[in-house]
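# Structural characterization, general
Spelled out from the first residue to the last, the chains are:
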Amino acid sequence: KPCELLPIIEETVALYKDGHPAIRFETRLTDAIPIMNLDRKQIKQAMINLVDNAIASIKNDGDILITLIHDPILKIVRLEVSDNGPGISDEDKTRLFEPYFSTKKAGMGLGLTIVRAIVSDHNGMIRVQDNHPKGAKFIIEFQA
């Protein structure tokens, strides 16, 4: 149903901020984000999975940046979750969204598979790239 993305991002950051004082959470949000048809619960789950992964990669001490941008020319809303952890190898990037693939010791390897399914259900796309100078950046684009 029609929903704002901005409060979902703010709520997700609020969930983690107090419990991780050594992590610097930064949000860069554009005010002019259109209301989109979203399943609020699913989008929040996707955000939680992405932030969980970012926290795990920086080992509870680093920076997580969440950026939300609306491009009215391309008619997209871009959501980026980036960290300054060790990054993801090119080999792992090709398998990252596969079920049961994980670089962590714990977990089932389903977090990013679930994120991809949620984004896909919203007719969006997700990709990963290096975050310069270090770390990883997950980019989600929705039609707006």
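Please refer to the structure placed before this passage.
Residues numbered from 1 in each chain as written. Predicted model: local features only at pLDDT ≥ 70, side-chain atom pairs only at ≥ 80, totals over all residues. Heavy atoms only, no water.

Looking only at helices and strands, the protein features 4 helices and 7 strands. Taking 15 Å as the expected radius of gyration for a compact globule of 144 residues, we find that the protein reaches 14 Å, a close match to that expectation. For the protein, the spread of C-alpha atoms along the principal axes amounts to about 40 × 30 × 30 Å. Here the protein, with 144 residues, has 43% of them falling under the buried criterion. Here the analysis covers contacts within the protein between residues at least 6 apart in sequence; of these, 67% occur between residues at least 24 apart. Element-wise, carbon and sulfur atoms account for 52% of the exposed surface of the protein, whose accessible area totals about 8200 Å². Computing the positive centroid from 18 side-chain charges and the negative centroid from 20, the protein places the two 2 Å apart. (Helix = DSSP H or I, 4+ residues; strand = E, 2+ residues; numbered from the N terminus. Rg over C-alpha atoms; globule rule 2.2 N^0.38 Å. Buried < 20%, exposed > 50% of the residue type's maximum accessible area, 1.4 Å probe, protein only. Contact = heavy atoms within 4.5 Å. Areas by Shrake-Rupley, 256 points an atom, 1.4 Å probe, with all protein chains shown as cover. Lys, Arg positive; Asp, Glu negative; His and termini not counted. Charge placed at Lys NZ, Arg CZ, Asp CG, Glu CD.)

Taking 1.5 Å of rise per residue, the 19 residues of helix α2 (residues 40–58) would be expected to cover 27 Å, and the 27 Å separating its terminal C-alpha atoms lies within 8% of that figure. All of the buried residues in α2 are I43, A46, M47, I48, N49, L50, V51, N53, A54, I55 and I58. The opening residue of α2, the one whose side-chain oxygen lies 3.2 Å from the backbone nitrogen of K41, is D39. Positive backbone phi, approximately 55°, marks K59, located one or two places after α2. (Expected span 1.5 Å × (residues − 1). Polar contact = N/O pair within 3.5 Å; in protein donor to acceptor, adjacent residues only side chain to side chain.)

Within the secondary structure, A32 is located in the loop between β2 (23–29) and β3 (36–37). The exposure class of A32 is exposed, given its relative accessible area of 53%.

Along the polypeptide, T113 turns up in helix α4 (residues 111–121). At 3.2 Å, the side chain of T113 forms a polar contact with the backbone oxygen of F97.

On to the packing of helix α1 (residues 6–17) against α2, then. The contact between α1 and α2 brings their axes to 10 Å, and the two run at 40°. In terms of their interaxial angle, α1 and α2 are classed as oblique. Both α1 and α2 take part in a crossing whose hand is right-handed. For the pair α1 and α2, the contacting residues are P7, I8, I9, E11, T12, L15 and Y16 in the first and R40, I43, K44, M47, I48, V51, D52 and I55 in the second. Here the residues of the contact of α1 with α2 sort into 10 nonpolar, 1 polar and 4 charged. (Axes fitted to C-alpha atoms, helices over the stretch in contact; angles between N-to-C directions. Parallel < 35°, antiparallel > 145°, perpendicular 65-115°, else oblique. Left-handed = near helix turned anticlockwise from the far one by under 90°. Nonpolar A, V, L, I, M, F, W, Y, C, P; charged D, E, K, R; others polar.)

Nothing here speaks to function; it is all geometry.
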